[in-house]
Amino acid sequence: MATKTFSGRVDTKKLEYADSIARRESGVSFGQFCSTQLLDYICDTGTLPTFPKQGSSADPFSTMRLLSRIHS
């Protein structure tokens, strides 16, 4: 299978948190988990997923906890 690498700028603490969940629950890195899940979703639906907007006072990890519950 052909692969392509991509990257983005992210908060390192959030990435560490997400990576630890992905490794614990799926045995793969967060990048591997996301690329598979996100690309499958986009190909299945033809759209990007939508997520609730966070308020400025929201816990910075609340979206990550939400995503980990959705995909577990």
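Structural notes, computed from the coordinates. Since this is a predicted model, take the numbers as computed values, not measurements. Once a new chain begins, its residue numbering starts again from 1 and follows that chain's sequence as written. For a predicted model such as this one, the threshold for reporting local features is a pLDDT of at least 70, and the threshold for listing and counting side-chain atom pairs is 80 or more; totals across whole chains, interfaces and linings nevertheless cover every residue. Excluded from the side-chain calculation are hydrogens and water; included are all heavy atoms of the structure.

What follows concerns the overall build of the chain. Secondary structure assignment for the chain yields 3 helices and 0 strands. Secondary structure elements are defined from DSSP: runs of H or I of at least 4 residues count as helices, runs of E of at least 2 residues count as strands, and each element is numbered from the N terminus. In sequence order, the chain lays out its α and β elements as α-α-α. In the chain, buried positions account for 11% of the 72 residues. Contact definition: two residues touch when any of their heavy atoms are within 4.5 Å. Of all intrachain contacts in the chain linking residues separated by at least 6 positions in sequence, the fraction that spans at least 24 positions is 41%. Only carbon and sulfur atoms are counted for the fraction: they give 56% of the accessible area of the chain, which is about 6100 Å². Buried means the residue's accessible area, taken with a 1.4 Å probe over protein chains only, is under 20% of the maximum for its type, while exposed means over 50%, and partly exposed covers the values in between. Areas reported as accessible are Shrake-Rupley estimates using a 1.4 Å probe. Residue values count occlusion only from the protein chains shown.

Turning our attention to the environment of serine 26. Position of serine 26 relative to the elements: it lies in helix H1 (residues 12-26). Contact partners of serine 26, with chain neighbours within four places excluded, come to Ile21 and Phe33.

Let us now look at the pattern of salt bridges. Side-chain pairing between opposite charges can occur once the charged atoms of the two side chains come close. Every case where a carboxyl oxygen of Asp or Glu lies within 4 Å of a side-chain nitrogen of Lys or Arg is listed as a salt bridge. The final tally for this structure, using the stated rule, is 3 salt bridges. In this structure, the salt-bridge partner of arginine 23 is aspartate 19, at a minimum N-O distance of 2.9 Å. With arginine 23 and aspartate 19 both in helix H1, this residue pair falls 4 residues apart, about one helical turn. Given a relative accessible area of 47%, arginine 23 falls into the partly exposed group. Between glutamate 25 and arginine 24 there is a salt bridge; the shortest N-O distance is 3.1 Å. Residue class for glutamate 25 comes out partly exposed when judged on its relative accessible area of 42%. Classification of arginine 24 by relative accessible area gives exposed; the value is 60%.

What follows covers H1. One less than the number of residues in a helix, times 1.5 Å, gives the span that helix is expected to have. In this model, H1 (15 residues) spans 20 Å end to end at C-alpha, consistent with the 21 Å of a helix rising 1.5 Å per residue. For H1, every residue scored as buried is listed here: Ala18, Ile21 and Ala22. Buried residues along H1 cover an arc of 100° about the axis, so they all sit on one side. Along H1, exposed side chains directed more than 90 degrees from the buried face belong to Thr12, Lys13 and Arg24. Any pair of N or O atoms that falls within 3.5 Å is considered a polar contact. Within protein, one atom must be able to donate a hydrogen and the other to accept it, and sequence-neighbouring residues count only if both atoms are side-chain atoms. Between the side-chain oxygen of the N-cap and the backbone nitrogen of lysine 13 there are 2.8 Å, and the N-cap of H1 in question is aspartate 11. Among the residues trailing H1, glycine 27 stands out with phi positive, at a value near 75°. Comment: arc refers to directions from the helix axis out to C-beta atoms.

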